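Architecture at a glance
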Amino acid sequence: MNIEMQLKGKLIAAVKELYGQEINEKQAQVQITRKDLTGDFTIVVFPLLKVSKKSPEDTANDIGEYIKNNDETVSNFNVVKGFLNIELAADYWLNLVNEIVAQDKHGYVTADENSPLVMIEYSSPNTNKPLHLGHIRNNLLGYSVSRIAEANGNRVVKTNIVNDRGIHICKSMLAWKKWGEGCTPESTGKKGDHLVGDFYVMFDKKYKAEISTIIEEKISEYTPIKDSEDFKATFSALKAKKKTKEGLNETEVEQLKACEELSKYAENNAPLIIEAREMLLKWEAKDKEVYADWKMMNQWVYAGFDVTYKKLGVDFDKIYYESETYTEGKDMVLQGLEKGAFYRREDGSVWCDLSDKGLDEKLLLRKDGTSVYMTQDIGTAKLRYDDFDIDKMVYVVGNEQDYHFQVLALLLDKLGFKWGKDLMHFSYGMVELPHGKMKSREGTVVDADDLVDEMVKTARQMSKELGKLDGYTEEEAEEVFKMIAHGALKYFILKVDPRKNMTFNPEESIDFNGNTGPFIQYTHARIKSIFRKAAEKGIEISDKAPTNVEIGEKENNLIRTIANFPNVVAEAGKTLSPAVIANFAFDLAKAYNQFYHDCPILFEEDENIRMMRLVLCKTVAKTLKNAMWLLGVDVPEKM
RNA sequence: GGUCCCGUAGCUCAGCUGGAUAGAGCAUCUCCCUUCUAAGGAGAGGGUCUCAGGUUCGAAUCCUGACGGGAUCACCA
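Residues numbered from 1 in each chain as written. Chains lettered and ligands numbered in written order. Predicted model: local features only at pLDDT ≥ 70, side-chain atom pairs only at ≥ 80, totals over all residues. Heavy atoms only, no water.

**As for the overall build of chain A**
- Helix and strand content of chain A: 23 helices and 14 strands.
- With the C-alpha coordinates of chain A rotated into their principal frame, the extents come out at 90 × 65 × 50 Å.
- Going through the 639 residues of chain A one by one, you find that 52% of them count as buried.
- Pairs at least 24 residues apart make up 74% of the contacts formed inside chain A by residues separated by at least 6 positions.
- Accessible surface, chain A: about 30900 Å² in total, of which carbon and sulfur atoms supply 49%.
- Each charge class in chain A was averaged separately, 86 positive and 103 negative side chains, and the resulting centres sit 1 Å apart. (Helix = DSSP H or I, 4+ residues; strand = E, 2+ residues; numbered from the N terminus. Buried < 20%, exposed > 50% of the residue type's maximum accessible area, 1.4 Å probe, protein only. Contact = heavy atoms within 4.5 Å. Areas by Shrake-Rupley, 256 points an atom, 1.4 Å probe, with all protein chains shown as cover. Lys, Arg positive; Asp, Glu negative; His and termini not counted. Charge placed at Lys NZ, Arg CZ, Asp CG, Glu CD.)

**Some thoughts on the packing of aromatic side chains**
- Within the structure shown, the criterion is met by 22 aromatic pairs.
- Here Trp283 and Trp294 contribute two aromatic rings whose centre-to-centre distance is 5.1 Å and whose plane-to-plane angle is 70 degrees, an arrangement assigned as edge-to-face. One end of the pair, Trp283, is in helix α11 (residues 271-284); the other, Trp294, is in helix α12 (residues 288-312), with eleven residues separating them in the sequence.
- Classification of Trp283 as buried rests on a relative accessible area of 2%.
- Among the residues examined, Trp294 registers a relative accessible area of 6% and is labelled buried.
- Judged by centre distance (5.0 Å) and plane angle (45 degrees), the rings of Tyr291 and Trp294 are tilted. Taken together, the positions of Tyr291 and Trp294, both in helix α12 and three residues apart, correspond to about one turn of that helix.
- Overall, Tyr291 belongs to the buried group, its relative accessible area being 18%.
- Between the NZ or CZ atom of Lys105 and the centre of the ring of Trp629, over which it lies, the distance is 5.9 Å.
- Just above the ring of Trp351 sits the side chain of Arg345; from NZ or CZ to the centre is 3.6 Å. (Phe/Tyr/Trp six-rings, centres within 6.5 Å; stacked < 30°, edge-to-face > 60°. Lys NZ or Arg CZ within 6 Å of the ring centre and 35° of its normal.)

**Side note on the sheet that holds strand β10 (residues 361-365)**
- Spatially, three strands are ordered β8-β9-β10 in an open sheet, and the strand pairing comes out antiparallel. Here the strands that pair on one side only, and so sit at the sheet edges, are β8 (343-344) and β10.
- Bridge analysis of strand β9 (residues 350-353) against β10 gives four bridges, and the strand direction is antiparallel. Pairing of Asp353 across the sheet is with Glu361, part of β10.
- Lying on the sheet, helix α13 (residues 322-339) is in contact with β8, β9 and β10; it crosses β10 at an angle near 125 degrees. (Pairing = 2+ DSSP bridges. Axes fitted to C-alpha atoms, helices over the stretch in contact; angles between N-to-C directions.)

**Let's talk about unusual backbone geometry**
- Even without being a glycine, Ser123 presents a positive backbone phi close to 80 degrees.
- Positionally, Ser123 belongs in the loop between β5 (117-121) and α5 (133-151).
- The phi torsion at Glu181 lies on the positive side, around 50 degrees, for a residue other than glycine.
- Its place among the elements puts Glu181 in the loop between α6 (167-179) and α7 (185-188).

**Describing the protein's contact with RNA strand B**
- Contacts to RNA strand B come from 70 residues, most closely from Asp347, Asp360, Lys437, Lys468 and Phe603.
- Interatomic distance of 3.1 Å between a side-chain N/O atom of Asn513 and a sugar or linking oxygen of RNA strand B.
- Here a sugar or linking oxygen of RNA strand B and a side-chain polar atom of Tyr522 are 2.4 Å apart.
- Broken down by secondary-structure element, the contributors of at least two residues to the surface near RNA strand B are β2 (41-44), β4 (83-88), α6, α16 (448-466), β14 (502-503), α19 (517-536) and α22 (578-598).
- Looking at the surface near RNA strand B element by element, the count peaks at eight residues for α19.
- Residue composition of the surface near RNA strand B, by class: 31 nonpolar, 20 polar and 19 charged. (Near = heavy atom within 4 Å. Polar contact = N/O pair within 3.5 Å; in protein donor to acceptor, adjacent residues only side chain to side chain. Nonpolar A, V, L, I, M, F, W, Y, C, P; charged D, E, K, R; others polar.)

**Description of the domain arrangement of chain A**
- Domain annotation for chain A reports domain 1 (3-88), domain 2 (166-312) and domain 3 (448-630).
- Relative placement of domain 1 and domain 3: their C-alpha centres are 35 Å apart.
- Contacts between domain 1 and domain 3 engage six residues on the former and five residues on the latter.
- Our count for the contact surface shared by domain 1 and domain 3 stands at one salt bridge. (Domains from an automatic or database assignment. Salt bridge = Lys/Arg side-chain N within 4 Å of Asp/Glu carboxyl O.)

**Looking at the environment of Tyr403**
- Examined against the element boundaries, Tyr403 turns out to sit in helix α15 (residues 402-414).
- Of the residues examined, Tyr403 reaches a relative accessible area of 31% and is grouped as partly exposed.
- For the pair Tyr403 and Asp368, spaced 35 residues apart in sequence, the C-alpha separation works out to 25 Å.
- Discounting chain neighbours no more than four positions away, the residues touching Tyr403 are Leu359 and Asp360.

**Some details on the packing of helix α8 (residues 192-222) against helix α10 (residues 250-269)**
- Where α8 meets α10, the closest approach of the two axes is 8 Å, and the angle between their N-to-C directions is 135 degrees. Viewed along their axes, α8 and α10 adopt a mutual orientation that is oblique. Considering the relative orientation of α8 and α10, their crossing is right-handed. Residue-level contacts link Tyr207, Ile211, Ile214, Ile215, Lys218, Ile219 and Tyr222 of α8 to Ala258, Glu261, Leu262, Tyr265, Ala266, Glu267 and Asn269 of α10.
- The residue makeup of the contact of α8 with α10, split by class, is ten nonpolar, one polar and three charged. (Parallel < 35°, antiparallel > 145°, perpendicular 65-115°, else oblique. Left-handed = near helix turned anticlockwise from the far one by under 90°.)

As structure tokens, this is what we get:
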């Protein structure tokens, strides 16, 4: 039983004894005492005034007196403004430290074969371009959430669905076919995913040019606008105006409609897109040549992704490929059609009407019979549940797809899967740059590989300047640089509430001072340094702190923080939020550095106090390590 | 227009199921390495918690409405 529950129990007993009334959980409020006041836990007496029929002060004093006399862990109490602050005896805290130091994974709940199985999907890249900053947030969140789920006593399967088919990959392939002159990663010296991405960009450029040409040709048929430049300007002006308060007048509505029609016509009739669509059809028909090219180019991309994943320090237990799941999805859709859950339009496309649920109609198969994103997700879900005994499915996907997952849950439900509506969309916010959103056309996309390389470079430079890794070999030092770079990047991204959009400022992310990953890593390294010094001096660190010593304010604060770790892990598990863990790690590191500054450790002359502090250091180091592990960050021995 | 998310210091963010004087970091300005790692510590300035109502002993937190920002409603993924 933890101390908070114990105090709550005593509080309930006190009220019954003193005022003869039973109170419920909600009225029994025990919280951690504010740092600037004396006390360890605080009882809020306001909800009890109706029962006590006394002033807040008198009530608090009554209860304080009772608890002090009836609970030997309570050494004292004080009352401030009607808040009852309970102080616990020093030996209670020291015994707790000894309990914690004896556990390898204090705060974690270990899973066994009967524990729930949670499958967590994250990353889910498209194979037409390299990973960027947005993917980084996804990967780091997914990886951390997996570890958090694991530490909360779940069996976890990390999974990735690679979107390796579809019109997007056909675009890259087509561009490579047309203008690539048979180049390869080897011949160009480019990472495979980057090479394929270049062709995707090339496709887009030429496609846009074709669209402009068509608009130029057809402009007179649709609008009175003279040339395509004017068209672009008018079109975007109209769209912008529509969003404003005043809105559009009748002629403008007409104009916008005409613009939309023309634009849509051009987008659908550009020769390149027609060719890409034909290629997708051929691919679905397993045309030999198309398939061979597809396989080859995908291999390039996978090789590139592997490098990036390694760089980010993430991995997967089971990878699914859309190319292997989409047919399953098609079958499911057709079955749904037979069952009458879906319907077919005259043009042959298959839809689901969700208007009774307040949503729109959703396309499931195109008129040419090819699959869309949704089709694939249905198939993947089916295969996953066939493969694993899944109790909970978590999709780590950006919040721009909230609607998609709302629909997916309904569709799976309609198809008769009992787990359909239970899927969890772990929806996270977008990553923005200080100057706004990332736009590939404006070259403001932050590439994942570049970013990590840049971080490692900075870490290397900084460490060398500080000269703290003297005595390490090149390889050892390089490991630490990578660790610090990871620490900075991961912590920077994971410390913010996943739901919220975040601003990624490259300069701040590379900062190693203050509320950062390296600050926490540094704290760990400091402790380890003390242990090395202790060993030099021949001081052996016991597994038990003496419990008959006084503890000061900084020590008390440190122990209280550590004691709260299990609650933090549980909270993070409930909300699947790495940010909760990150904030905890920072608080702990800060508390330690204050302690370190104020209290001599090896220089302490009183042997008992010295040993108590050393054992305390041990629990801090371990807790920091365990907390950072949940973020996917390692901590160094030296830095 | 419908649905959803967000609004806290100059900037980036914490603030758990309502609790005491709203906290960090960065940036600015002081101080502290002849003690264990200064990637550290101490201090100063900086706030109408977007606004208006409501519930409550008590509201940054819960409810309603407004304002501001974002996402989404594709035969894209």
